[in-house]
Amino acid sequence: MPENPLATLEAIDPDLMRHLKETNDLIYSSGALPKKYKILMAMAFDAAHGADQGVRALAQAAMHEGATKEEIAEALRVAYHLAGIGTLYTASAGLKGLIG
C-alpha cells in the first residue's frame, strides 16, 4: 500500500487530520447516494484536476464497493465531457496496470 500522501501534515497537525477523517466518513457514507457512486464522483474530480494517484486510489476503493470497469469508464466519460482531454490522460495514467 502506498504511503499516505498526508502523512507529513498528520505528523504536524493530528487534530486537523482527525477532523478530515471524520468529514470523509460523513461525506462517503451511504445515504441518498450509495458510497460507490460518491467514490466514482470523487475519482472523476481527481481525473479532471490532474491527480492520477487519486484516480488510482479512488478507482480501487470504488471497485472494493462493487464498481465495475464499465462504471469507472462512464464516470470518466462525464469528467472528460465537462473538463476536457487532460482528464483522459490523467485517468489513463492513474488506471495503468489496474484495469486492463
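## Some thoughts on the overall build of the protein
Across its full length, the protein holds 6 helices and 0 strands. Ordering the α and β elements of the protein from the N terminus gives α-α-α-α-α-α. A compact globule built from 100 residues would reach a C-alpha radius of gyration of about 13 Å, and the protein, at 14 Å, matches this within 12%. Viewed in the frame of its principal axes, the protein has a C-alpha envelope of about 35 × 30 × 25 Å. A burial count over the protein gives 24% of its 100 residues as buried. Of the contacts made within the protein by residues no fewer than 6 positions apart, 57% connect residues no fewer than 24 positions apart. For the protein, the accessible area works out to roughly 6,900 Å², and carbon and sulfur atoms hold 60% of it. Across the protein, the centroid of the 9 positively charged side chains sits 7 Å from that of the 12 negatively charged ones.

## With respect to the nonpolar core
L40, M43, I72, L76 and L95 are the most contacted members of the largest nonpolar core, which has 15 residues in total. Residue assignment for this core shows that the elements contributing at least two residues are α3 (35-48), α4 (52-64), α5 (69-83) and α6 (86-95). Looking at this core element by element, the count peaks at 5 residues for α3. Contact partners of M43, with chain neighbours within four places excluded, come to V55, L58, A59, I72, A75 and L76.

## Details of the confidence of the model for the protein
For the protein, per-residue confidence averages 94 on the pLDDT scale, and residues scoring 70 or more make up 98% of the total. For the protein, the element scoring lowest by mean pLDDT is helix α1 (residues 7-12), at 92; α3 scores highest, at 97.

Parameters at a glance
Residues numbered from 1 in each chain as written. Predicted model: local features only at pLDDT ≥ 70, side-chain atom pairs only at ≥ 80, totals over all residues. Heavy atoms only, no water. Helix = DSSP H or I, 4+ residues; strand = E, 2+ residues; numbered from the N terminus. Rg over C-alpha atoms; globule rule 2.2 N^0.38 Å. Buried < 20%, exposed > 50% of the residue type's maximum accessible area, 1.4 Å probe, protein only. Contact = heavy atoms within 4.5 Å. Areas by Shrake-Rupley, 256 points an atom, 1.4 Å probe, with all protein chains shown as cover. Lys, Arg positive; Asp, Glu negative; His and termini not counted. Charge placed at Lys NZ, Arg CZ, Asp CG, Glu CD. Core = buried A, V, L, I, M, F, W, Y, C linked by side-chain atoms within 4.5 Å. pLDDT = per-residue confidence, 0-100.

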